[in-house]
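Take a look at the letters that make up each chain.
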Amino acid sequence: MSEVRAFIAVPIPAEIRTAIQDNTTNLRRALGRPLVRWVPSQNIHLTLKFLGNIDEEKLEPLKIALTRQVAQVQRFTIQFGELGIFPSNDRPRVIWIGADTTDNLQILHKAVETAAGKIGCEADHRPFSAHLTIGRFNQRMSNRANRDKIRHAIEATIIPILGNAEVKTVHLYRSELKSSGAVYSKLHSSRLKES
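Figured I'd write up the structure that's included with this text. (Residues numbered from 1 in each chain as written. Predicted model: local features only at pLDDT ≥ 70, side-chain atom pairs only at ≥ 80, totals over all residues. Heavy atoms only, no water.)

### Here we look at the environment of Gln21
- Note that Gln21 resides in helix α1 (residues 14-23).
- Along the primary structure Gln21 and Leu177 are separated by 156 residues, whereas in three dimensions their C-alpha atoms are 23 Å apart.
- In this structure Gln21 touches Arg28, Ser41 and Ile44, once residues within four positions along its chain are discounted. (Helix = DSSP H or I, 4+ residues; strand = E, 2+ residues; numbered from the N terminus. Contact = heavy atoms within 4.5 Å.)

Dropping the structure here:
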């Protein structure tokens, strides 16, 4: 049986992705590669649920469940800005841009969890933290000097409010891991309810 590595996410408008690139130019220059593997602009998205490897035969039932659940959620607007590190300055793994976690986003997240549960995916019990991953710290280069370098570069970078985006759709993506990095392809779109 064939498996697909997949996730469910909110697509990010081009103008927000451009604003991220423009406002992190100095940060990317200061940290460079291979210390940080930067996410290509076209791959930036707001993940609602990482599914991992799922049986290909579960894709159709998931699409149906996702469409039904997401259609019950009212469209809303989300704001992007701020910069941070997960999980902490002493153990940097991910560099992110923040997204305001509104009640509507929490409702959408629960709807996606419900849809994924219909095909047997386990619910994520950690609190949902809305963010856009823009870079991943290379763990092979984890030493005190590099961790300090990342912390100082993050502290020196001020990210303003980058803009608002209307959340109208949720996409189911396939993720293929290649030597050049992850390649995402959209498998399905589910639309939120119009006001």
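### Considering the packing of aromatic side chains
- Going through the model one piece at a time under the given rule, you end up with three aromatic pairs.
- Ring geometry for Phe7 versus Tyr184: centroids 4.9 Å apart, planes at 75°, classification edge-to-face. Of the two residues, Phe7 sits in strand β1 (residues 3-11) while Tyr184 sits in strand β9 (residues 181-191), which places them 177 residues apart along the sequence.
- We classify Phe7 as buried; its relative accessible area is 3%.
- With 5.3 Å between their ring centres and 35° between their planes, Phe86 and Trp96 make a pair best called tilted. Taken together, the residues span a long stretch of sequence, with Phe86 in strand β4 (residues 76-88) and Trp96 in strand β5 (residues 91-99) at a distance of 10 residues.
- For Phe86, a relative accessible area of 25% translates into the label partly exposed.
- For Trp96, a relative accessible area of 12% gives the class buried.
- Through a chain of ring-to-ring contacts, three or more aromatic side chains come together here, namely Phe7, Tyr173 and Tyr184. (Phe/Tyr/Trp six-rings, centres within 6.5 Å; stacked < 30°, edge-to-face > 60°. Buried < 20%, exposed > 50% of the residue type's maximum accessible area, 1.4 Å probe, protein only.)

### Notes on unusual backbone geometry
- Each neighbour pair has its own omega, and for Arg33 with Pro34 the value is 5°, a cis peptide bond.
- By secondary structure assignment, the location of Pro34 is in the loop between α2 (25-31) and β2 (36-38).
- Of note, the bond from Phe86 into Pro87 is cis; its omega dihedral lies within 30 degrees of zero at -10°.
- Tracing the backbone shows Pro87 in strand β4.

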